[in-house]
Amino acid sequence: MEIPYTSETRPDTGLYNAKLGIWLFLASEVMLFGALFSSYILLRTGAPVWPHGRDLGLNVPLATLNTMILIGSSVTILLSWVSLRLHDVKKFRLYMGLTLLCSLGFLVIKYFEYMEKIHHGHLPSFNTFFAIYFTLTGLHGLHVIGGMVVNGYLWGPGLKLWHKDPQRFTNRVEVAGLYWHFVDLVWIFLFPTLYLL
Amino acid sequence: MSQTHDVETIRKETKTYIKVFLSLAVLTVLTVAVSYFHMPPVAAIGVALLIASFKASLVAGFFMHLSHEKKLIYWILLLTVAFFLVLLVWPSLNMWNQRDL
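All of these numbers come straight from a predicted model, not from anything done at the bench. (Residues numbered from 1 in each chain as written. Chains lettered and ligands numbered in written order. Predicted model: local features only at pLDDT ≥ 70, side-chain atom pairs only at ≥ 80, totals over all residues.)

Looking at this model, I keep getting lost on the overall build of chain A. Mind explaining?
The helix and strand inventory of chain A stands at six helices and zero strands. In chain A, the order of α-helices and β-strands from amino to carboxyl end is α-α-α-α-α-α. Dimensions of chain A, computed from the C-alpha atoms along their principal axes, are close to 60 × 35 × 25 Å. The 197 residues of chain A split such that 37% are buried. (Helix = DSSP H or I, 4+ residues; strand = E, 2+ residues; numbered from the N terminus. Buried ≥ 20, exposed ≤ 12 C-beta atoms within 10 Å, placed from the backbone.)

Here it is, written out as structure tokens:
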């Protein structure tokens, strides 16, 4: 039996299934990150002194570059979706490829940041700041990797669907984009919280 | 998001995405620049969170198309925001009470 409303919108909600699904998933993600942000606030307000990330050696220029890269990848994934709506598969692959490259760039920079911390003995066990720093950025990094798996699939083998059901494939890319923007949105809060304040 | 494939509409949309990207880039530079001013902690946190919230609303509004989305999504998000606020405020209130003891 075929699953209904995978490409066409459901009359009562005005949405196709996956779009409602991704928003419900993102709602649960808000609670996941929300719990950790709440922990951060409690740890910070409960501590007699709270260090500046910068003073502990966090690299603000690198993190700023990473913020730009992530914002840029949000635009390229949108452009990949736009390309599909214009029936331009070549451009879709170009922009989705750029999104993947940006994601990889983000992770490489994060790797160097982590290595620097580890080299200085700044592990999660070093102090409360680094415990919450590694928890928050680590969970965010896992989300980046998860997004890359999905985006990589859509860029590669998943593209087969385009030839069978173009609307459904376009919807998949839109939904993957919504998730990706959320990952970007979380970083927008993580960056000032951990590096600048 | 509308299912329209009208080329002109799509071009306009793309321009908006680029404009939003540029605004986000400027705001990122701004938030870093402001952090070097050595403001008192409360002011610094306020300004940084204000800029971050503005950036987040740009991403949600334009990139995630929340500026023109279906009602059901708004209801889901309203519920999420309510629970999110409880999650943030409840533990803080609890800590406040413990301080008074």
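So that's the structure; there's more coming.
Explain the packing of helix α4 (residues 128-155) of chain A against helix α6 (residues 166-196) of chain A here, please?
All names here are of chain A. Between α4 and α6, the least distance of the axes is 10 Å, while the angle of their chain directions is 160 degrees. Of the possible angle classes, the one that applies to α4 and α6 is roughly antiparallel. Considering how the two elements wind past one another, α4 and α6 form a crossing that is left-handed. Each of Tyr133, Leu136, Thr137, His140, His143, Val144, Gly147, Val150, Asn151 and Leu154 in α4 lies in contact with α6, whose residues at this interface are Arg172, Val173, Ala176, Tyr179, Trp180, Val183, Val186, Trp187, Leu190 and Leu194. When its residues are assigned to classes, the contact of α4 with α6 shows 14 nonpolar, five polar and one charged. (Axes fitted to C-alpha atoms, helices over the stretch in contact; angles between N-to-C directions. Parallel < 35°, antiparallel > 145°, perpendicular 65-115°, else oblique. Left-handed = near helix turned anticlockwise from the far one by under 90°. Contact = placed C-beta atoms within 7 Å. Nonpolar A, V, L, I, M, F, W, Y, C, P; charged D, E, K, R; others polar.)

Before we go on, may I ask you to explain the nonpolar core in this structure?
Grouped burial of nonpolar side chains is what soluble globular proteins tend to show. One finds Leu78, Met96, Tyr179, Val183 and Trp187 of chain A to be the most contacted residues of the largest nonpolar core, which totals 57 residues. Those elements giving two or more residues to this core turn out to be α1 (17-46), α2 (60-85), α3 (89-119), α4 and α6 of chain A together with α1 (7-35) and α2 (41-63) of chain B. Among the elements that line this core, the one with the most residues is α6 of chain A, at 17 residues. When residues no more than four places from it in sequence are discounted, the contact partners of tryptophan 187 of chain A are Thr67, Leu70 and His140 of chain A. (Core = buried A, V, L, I, M, F, W, Y, C linked by C-beta atoms within 7 Å.)

I keep staring at the environment of glycine 177 of chain A and nothing clicks. Help me out?
Residue and element names in this part refer to chain A. Within the secondary structure, glycine 177 sits in helix α6. In this structure, the C-alpha to C-alpha distance between glycine 177 and leucine 79, residues 98 residues apart in sequence, is 10.0 Å. Setting aside residues no more than four positions away along its own chain, glycine 177 makes contact with Ile77, Leu78 and Trp81.

Sorry, what's going on with the interface of chain B and chain A here?
Buried accessible area, meaning the area lost when the parts come together, often serves as the stated size of an interface. Taken together, the contact pairs 37 residues of chain B with 38 residues of chain A. Of all the secondary-structure elements, those providing two or more residues to the side of chain B that touches chain A are α1, α2 and α3 (71-100) of chain B. Looking at the side of chain B that touches chain A, its residues break down into 27 nonpolar, seven polar and three charged.

Is there a simple way to explain the packing of α6 of chain A against α2 of chain B in this structure?
For any two helices packed against each other, the geometry comes down to the angle between their axes and how far apart the axes lie. Contact pair α6 of chain A / α2 of chain B: the axes reach a minimum separation of 9 Å and the direction vectors enclose 175 degrees. With respect to each other, α6 of chain A and α2 of chain B are oriented roughly antiparallel. Mapping the contact onto sequence places His181, Asp184, Leu185, Ile188, Phe189, Pro192 and Leu196 of chain A in α6 of chain A and Ala48, Ala52, Lys55, Ala56, Val59, Ala60 and Phe63 of chain B in α2 of chain B. Looking at side-chain class alone, the contact of α6 of chain A with α2 of chain B contains eleven nonpolar, one polar and two charged residues.

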